[in-house]
Amino acid sequence: MRFSPGLKAGIASLKSQLLQRSPDSNEAMQTITAILPETPEVSLPGWLYRQQVYPKLYWSSRIDESASDEFRGETRDVEVAGLGVAMVRTGDDARAFLASLAGSDCRKQYYWLSTFDNDTPVLILPRIELLKQQGHFLLRVNAVDRANLSGAVHLPGYTPIPQWMADLRDQDLLSLLSGQFDTPELDIEYERRIDQPNHETWRELVGQAKACISARDFEKVVLARETRVFCAKQTDAMLLAAHWQQSVESCYQFVFQTSSDNGFISFSPERLFRRTGCHLDTEALAGTAMRSCDRDQDHELGQQLLLDEKNTREHRLVVEDILEKLGGLSDAVSQSGRGLWKQKHIQHLIYPLRAKLHTGIDDHRILAALHPTAAIAGSPARVARDFLTLHEPFRRNWYAGTHGCVSASKTEIAVSLRAAQIVKNEIKLFSGAGIVAQSDADAEWSELEQKIRAPLELIHRCHALSPIPSLA
Ligand SMILES: C=C(O[C@H]1C=CC=C(C(=O)O)[C@@H]1O)C(=O)O
């Protein structure tokens, strides 16, 4: 077993700082930080898996290696492991907080989560954060006074955090931390799989969508599928994420787990927006092709994607949708041109956009304007969403919602794609595909399969003797 002496030293430092805190401080919450003396190469989801405190949160930013210099911006490697809850803001409180944040000198960093249907995020400030920034580790406690703990227990839509945990003093919470860093093997016993819609219903749905497109009701709709994988025993979302993480490339990484049997994971390639001061970076990401292990063939597949009429149409509608929405937020929009965004098994068309925001536009206004884009709902959005409400045979909830990290100076929000919801012994995997006039139902069905290939391969590896039937 691997333990970290650095973490032990960090905990001791935070405890002594907590003791020195002035008892009559007027601040309801103080942030206390320790820099860890050593920097072990560890998996933060693996470390989180070892902890007993809930909720657990993991977030990592996307690194824009393949973006052009002008659009790359600050591509710092930031990873965060959060434990417990110091503060939750929802509804009007979250909206008011985001409005007050714009232009303020507030240094706190909240984590952000919203559903597909909602334009107001839940904002979470963890009690303990272990942050990795450019190879350095920081341990932080957002220390709360016990009198202010009451509002911290309930998270909408999630199992309540046990009262004993919410009541723990910060010192006691720190004592609960495990310094163990190694990630155990994943042990999943696959039993069966159900797709909603199934292949036959998918063909019918794509047919109905194309009939609406011919009738000019809408131009594009993004239909999705929920794949329910049933296992013999409970799967831990954080442990699944620690393994899944090893097979992803350049994407946002997010895990939110409220108990050992309930968690949400998203390893998403798609940025909704990044705001740095009053500068906004966003992008149109849509259109999909396979990848190949052979370099030349992979290049060829990328070139075909760039030239393909159906994918170009699918992507163009997203570019137009975002450009129109940016009109309400900014006067000046710069565009860098179309490119490819490569993931492990698939590649997408990408079109980065940069805008200078009008004065007074806060992060809630940006979310309300941009979400949901034509990459996840369709175009025009309202009619496409009505089609989804009527026909999609499951609720999207957190899938195709948003997640990220918000602060006064910088906010980075991703669309929650390539996602899984784990509840007890069931793993729900979500994938969607843009349907336009030229779409072929069976080709789109194969695309759905490719989009959940990484977690399916993990489950398959755990259960090599009876492989998961491929429905592609
Ligand atoms: C809706 C999803 O992907 C979107 C993002 C990129 C490419 C897409 C496509 O090619 O259809 C989708 O618009 C998903 O992965 O669940």
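- Looking at an unreviewed UniProt entry, one finds the protein named isochorismate synthase, with Oleiphilus messinensis as its source organism.
- Recorded in UniProt under Sequence similarities (unreviewed entry), the annotation for the protein is "Belongs to the isochorismate synthase family."
- UniProt, in the comment section headed Catalytic activity (unreviewed entry), describes the protein in these words: "chorismate = isochorismate".

**A look at the overall build of the protein**
Alright, step 1. For the protein, the count of helices and strands is 14 helices and 22 strands.
Alright, step 2. The buried share of the protein, taken over its 472 residues, is 57%.
Alright, step 3. Sequence separation of at least 24 residues holds for 77% of the intrachain contacts in the protein that already meet a minimum separation of 6.
Alright, step 4. Accessible area of the protein: about 19,500 Å², with a carbon and sulfur share of 49%.

**Let's talk about the site of the ligand**
Alright, step 1. Around the ligand, the surrounding shell holds 18 residues, and the nearest of these are Thr288, Ala375, Tyr399, Arg418 and Gly432.
Alright, step 2. Here an oxygen atom of the ligand sits 3.0 Å away from a polar atom, N or O, in the side chain of Glu314.
Alright, step 3. For the ligand, whose free accessible area comes to 390 Å², the fraction covered by protein is 100%.
Alright, step 4. Here the shell around the ligand is built from residues that sort into seven nonpolar, six polar and five charged.

**Brief notes about the nonpolar core**
Alright, step 1. Judged by nonpolar contacts, the single largest core of 131 residues is most densely connected at Trp47, Leu130, Val221, Leu223, Ile265 and Ile427.
Alright, step 2. Of the residues that make up this core, three or more belong to each of domain 1 (5-175) and domain 2 (190-253 + 272-463).
Alright, step 3. Not counting chain neighbours up to four residues away, the residues in contact with Trp47 comprise Leu7, Ala81, Leu83, Leu130, Leu177, Ser178, Gly179, Gln180 and Phe181.

**Things to note about the packing of aromatic side chains**
Alright, step 1. Evaluated as defined, the whole model comprises seven aromatic pairs.
Alright, step 2. Judged by centre distance (6.0 Å) and plane angle (55°), the ring pair of Trp202 and Trp445 falls under tilted. Of the two residues, Trp202 is situated in helix 7 (residues 199-214) and Trp445 in helix 13 (residues 441-451); the sequence distance between them amounts to 243 residues.
Alright, step 3. A ring pair is formed by Tyr399 and Phe430, whose centres lie 5.3 Å apart and whose planes are at 10°; its orientation type is stacked. Note that Tyr399 is positioned in the loop between helix 12 (381-391) and strand 19 (402-406) and Phe430 in strand 22 (residues 426-435), a separation of 31 residues in sequence. Exposure class is identical for Tyr399 and Phe430. Each is buried.

**Remarks on unusual backbone geometry**
Only a minority of non-glycine residues have a phi that is not negative, and only a minority of peptide bonds are not trans.
Alright, step 1. Geometrically, the link from Gln196 to Pro197 is a cis peptide bond, its omega value of 0° lying close to zero.
Alright, step 2. Within the secondary structure layout, Pro197 lies in the loop between strand 9 (190-196) and helix 7.
Alright, step 3. With omega at -10°, the peptide bond leading from Ser379 into Pro380 counts as cis.
Alright, step 4. Checked against the element boundaries, Pro380 lands in the loop between strand 18 (378-379) and helix 12.
Alright, step 5. Despite not being glycine, Ala400 shows a phi value in the positive range, around 65°.

**A closer look at the environment of Arg316**
Alright, step 1. Here Arg316 is to be found in helix 10 (residues 309-326).
Alright, step 2. Residues Arg316 and Ala96, spaced 220 residues apart in sequence, show a C-alpha to C-alpha distance of 35 Å.

**Concerning helix 10**
It helps to recall that an α-helix has 3.6 residues per turn; residues three or four apart then point in one direction.
Alright, step 1. An ideal rise of 1.5 Å per residue puts 26 Å on 18 residues; helix 10 measures up with 26 Å between its terminal C-alpha atoms.
Alright, step 2. Those residues of helix 10 not exposed but buried are Lys310, Asn311, Glu314, His315, Leu317, Val318, Val319, Asp321, Ile322, Lys325 and Leu326.
Alright, step 3. For helix 10, the capping residue at the N-terminal end is Asp308, with a side-chain oxygen 3.3 Å from the backbone nitrogen of Lys310.

**Re the state of the cysteines**
Alright, step 1. The tally for this structure, following the rule as stated, stands at zero disulfides.
Alright, step 2. Cysteine Cys293 remains unbridged, with the sulfur of Cys251 as its closest cysteine sulfur at 19 Å.
Alright, step 3. By relative accessible area, Cys293 is classed as exposed at 86%.

**Section: the domain arrangement of the protein**
Alright, step 1. In terms of domain boundaries, the protein breaks down into domain 1 (5-175) and domain 2 (190-253 + 272-463).
Alright, step 2. Taken over C-alpha atoms, the centre of domain 1 sits 27 Å from the centre of domain 2.
Alright, step 3. Listed as interface residues are 47 residues of domain 1 and, on the opposing side, 48 residues of domain 2.
Alright, step 4. Taking both sides of the interface into account, the surface hidden between domain 1 and domain 2 amounts to around 4,100 Å²; carbon and sulfur atoms contribute 61%.
Alright, step 5. Applying the counting criterion to the domain 1 and domain 2 interface returns three salt bridges.
Alright, step 6. Here Arg385 ties to Asp117 by a salt bridge, and the two come within 3.9 Å at their closest N and O atoms.
Alright, step 7. The interface formed by domain 1 and domain 2 includes eleven residue pairs in polar contact (both at pLDDT 80 or more).
Alright, step 8. Those elements giving two or more residues to the side of domain 1 that touches domain 2 turn out to be helix 2 (44-49), strand 2 (56-60), helix 3 (69-72), helix 4 (91-101) and strand 5 (110-114).
Alright, step 9. Taken together, the residues of the side of domain 1 that touches domain 2 break down into 23 nonpolar, 13 polar and eleven charged.

**So, the UniProt feature "domain: Chorismate-utilising enzyme C-terminal" (unreviewed entry) in the protein**
Alright, step 1. The feature "domain: Chorismate-utilising enzyme C-terminal" (unreviewed entry), as given by UniProt, occupies residues 199-451 in the numbering adopted here.
Alright, step 2. Strand forms 38% of residues 199-451 and helix 34%; the C-alpha atoms that close the span are 16 Å apart.

**Remarks on the environment of Thr373**
Alright, step 1. Assignment of secondary structure puts Thr373 in the loop between helix 11 (363-370) and strand 18.
Alright, step 2. Expressed as a C-alpha distance, the spacing of Thr373 and Val319, which sit 54 residues apart in the sequence, is 9.3 Å.
Alright, step 3. Setting aside residues up to four positions removed in sequence, Thr373 forms contacts with Glu270, Leu272, Asp321, Ile322, Lys325 and Gly378.

**Regarding the pattern of salt bridges**
Alright, step 1. Applying the stated rule across the entire model yields 36 salt bridges.
Alright, step 2. Between Arg193 and Asp195 there is a salt bridge; the shortest N-O distance is 3.1 Å. One exposure class covers both Arg193 and Asp195, and it is buried.
Alright, step 3. A salt bridge links Asp195 to Arg225; its shortest N-O distance comes to 3.4 Å. Here Asp195, found in strand 9, pairs with Arg225, found in strand 10 (residues 220-231); they are 30 residues apart in sequence, far enough to count as distant.
Alright, step 4. Judged by its relative accessible area of 8%, Asp195 falls in the buried class.
Alright, step 5. Take Arg225: its relative accessible area is 0%, and that puts it in the buried class.
Alright, step 6. One continuous salt-bridge network, built from bridges that share partners, spans Arg193, Asp195, Arg225 and Glu449.

Reading the values: rules and limits
Residues numbered from 1 in each chain as written. Predicted model: local features only at pLDDT ≥ 70, side-chain atom pairs only at ≥ 80, totals over all residues. Heavy atoms only, no water. UniProt positions renumbered as here; feature names shortened; annotations may be inferred. Helix = DSSP H or I, 4+ residues; strand = E, 2+ residues; numbered from the N terminus. Buried < 20%, exposed > 50% of the residue type's maximum accessible area, 1.4 Å probe, protein only. Contact = heavy atoms within 4.5 Å. Areas by Shrake-Rupley, 256 points an atom, 1.4 Å probe, with all protein chains shown as cover. Near = heavy atom within 4 Å. Polar contact = N/O pair within 3.5 Å; in protein donor to acceptor, adjacent residues only side chain to side chain. Nonpolar A, V, L, I, M, F, W, Y, C, P; charged D, E, K, R; others polar. Core = buried A, V, L, I, M, F, W, Y, C linked by side-chain atoms within 4.5 Å. Domains from an automatic or database assignment. Phe/Tyr/Trp six-rings, centres within 6.5 Å; stacked < 30°, edge-to-face > 60°. Expected span 1.5 Å × (residues − 1). Disulfide = S-S within 2.5 Å. Buried area = accessible area lost by both parts, 1.4 Å probe. Salt bridge = Lys/Arg side-chain N within 4 Å of Asp/Glu carboxyl O.

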